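# Geometric and topological summary
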Amino acid sequence: MQTPIEHLKLTIQPTRDALLSHSVYSQINDFAGIKHFAKYHVFAVWDFMTLLKSLQIGLTCVSLPWLPVGSANTRFLINEIVTGEESDIDEQGNRVSHFELYLAAMRQMGADTSKIDQLVSLLNAGSSINDSIDAVDIPIQVKQFLQYTFHIALHAPLHVKAAVFTFGREDLIPDMFTQILNKIYAAHPNKVSIFKYYIERHIEVDGGHHSELAIEMVSELCGNSNAKWEEATKAAVDSLKIRSLLWDAVCDNNFV
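Residues numbered from 1 in each chain as written. Predicted model: local features only at pLDDT ≥ 70, side-chain atom pairs only at ≥ 80, totals over all residues. Heavy atoms only, no water.

## Let's talk about the overall build of the protein
Regarding its fold elements, the protein presents 12 helices and two strands. Seen in sequence order, the protein has helices and strands lined up from the N terminus as α-α-α-α-β-β-α-α-α-α-α-α-α-α. Its C-alpha atoms put the protein at 50 × 45 × 35 Å along the principal axes. Relative to its 256 residues, the protein shows a buried fraction of 52%. Put simply, the protein shows about 11,800 Å² of open surface, and 53% of that area lies on carbon and sulfur atoms. Computing the positive centroid from 20 side-chain charges and the negative centroid from 30, the protein places the two 3 Å apart. (Helix = DSSP H or I, 4+ residues; strand = E, 2+ residues; numbered from the N terminus. Buried < 20%, exposed > 50% of the residue type's maximum accessible area, 1.4 Å probe, protein only. Areas by Shrake-Rupley, 256 points an atom, 1.4 Å probe, with all protein chains shown as cover. Lys, Arg positive; Asp, Glu negative; His and termini not counted. Charge placed at Lys NZ, Arg CZ, Asp CG, Glu CD.)

## Observations concerning the pattern of salt bridges
With the rule as written, the count across this model stands at six salt bridges. The residue D112 makes a salt bridge to K39 at a minimum N-O spacing of 3.8 Å. Of this pair, D112 sits in the loop between α5 (98–109) and α6 (114–124) while K39 sits in helix α3 (residues 31–59), and the two are 73 residues apart along the sequence. With a closest N to O distance of 3.2 Å, E86 and K53 form a salt bridge. Separated by 33 residues along the polypeptide, E86 in helix α4 (residues 72–86) and K53 in helix α3 bring together distant segments of the chain. Residue K53 is classed as partly exposed on the basis of its relative accessible area, which comes to 26%. (Salt bridge = Lys/Arg side-chain N within 4 Å of Asp/Glu carboxyl O.)

## Observations regarding the packing of α3 against α6
Their axes nearest at 9 Å, the elements α3 and α6 cross at an angle of 35°. Between α3 and α6, the residues in contact are V42, F43 and W46 and K115, I116, L119, V120 and L123, respectively. Of the residues that constitute the contact of α3 with α6, the class distribution is seven nonpolar, no polar and one charged. (Axes fitted to C-alpha atoms, helices over the stretch in contact; angles between N-to-C directions. Contact = heavy atoms within 4.5 Å. Nonpolar A, V, L, I, M, F, W, Y, C, P; charged D, E, K, R; others polar.)

## A look at the side chain of D90
By the secondary structure assignment, D90 is in the loop between β1 (88–89) and β2 (95–96). Within the local environment of D90, its side chain forms a polar contact with the backbone nitrogen of Q92, the two atoms lying 2.9 Å apart. Side-chain polar atoms of D90 contact the backbone nitrogen of G93, separated by 3.0 Å. Among residues more than four places away in sequence, those in contact with D90 are V96, L101 and Y197. (Polar contact = N/O pair within 3.5 Å; in protein donor to acceptor, adjacent residues only side chain to side chain.)

## Comments concerning helix α1 (residues 4–20)
The terminal C-alpha atoms of α1 lie 23 Å apart, and with 17 residues this matches the ideal 24 Å at 1.5 Å per residue to within 8%. Maximum bend of α1: about 50°, positioned at Q13, with proline P14 one to four residues after it. Listing the buried residues of α1 in full gives I5, L8, I12, T15, R16, L19 and L20. (Expected span 1.5 Å × (residues − 1). Bend = angle between axes of the 7 residues up to and from the residue.)

## Let's talk about the packing of helix α8 (residues 140–155) against helix α12 (residues 226–252)
Contact geometry of α8 with α12 gives a least axis separation of 8 Å together with a crossing angle of 155°. Judged by the inter-axis angle, α8 sits roughly antiparallel to α12. Viewed along their axes, α8 and α12 form a crossing whose handedness is left-handed. Only A235, D238, S239, I242, R243, L245, L246, D248, A249 and D252 of α12 make contact with α8, whose side of the interface consists of Q141, V142, Q144, F145 and Y148. (Parallel < 35°, antiparallel > 145°, perpendicular 65-115°, else oblique. Left-handed = near helix turned anticlockwise from the far one by under 90°.)

Note that every value here comes from positions in space, so none of it alone points to a role or purpose.
Written out as structure tokens, the structure is:
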């Protein structure tokens, strides 16, 4: 008999397969293509942390006085993932968040960081997330992607957040992409080394250990509730479709 998590995976598989075969991967075939891809992908790297931290806020105590919240197992799961994402290590062993590591990779390759820098600056200055997204000149698909993430982070129940985080964000780099990246690295080792390290680290941590922890978290939060499993499955499918919008933006906006 199928377990609920197996049923969820089977249901979302066609949508996941479509995303992994998106034309964006075949179009990133040179150094200029990687730079262009990073210009838009960085927004997913950044808002990933908002989704993750919203889970931490909901599953652990982040206010004073401290009180135990939920189960110790889910607290452990989310705290371990946060530690790895917010304070991982770079190539030299220095502590760094995955977002900061990605920005370093972009700067090494000379990719355009002006849009993500502007968004972060607006937020640091106190602008609301919606006003900040509206103010930055980025494709509508990127704005829709960000708006979806923040809607989930701010308003969705925990089991839905966990499903979006687990199945809409983790383990979505096909072998084809890493093969292309290896070829580009061979031609431009001094410009792509950080990006290559980031992708390898992402596959190792996010697609491996963190993916297993996240799946366990979804199972814990949905429990024996058929309604929660149905909501989690729908959210997982929706999040994959939204990620496809981001890839559409990469392909549709002056791909060079």
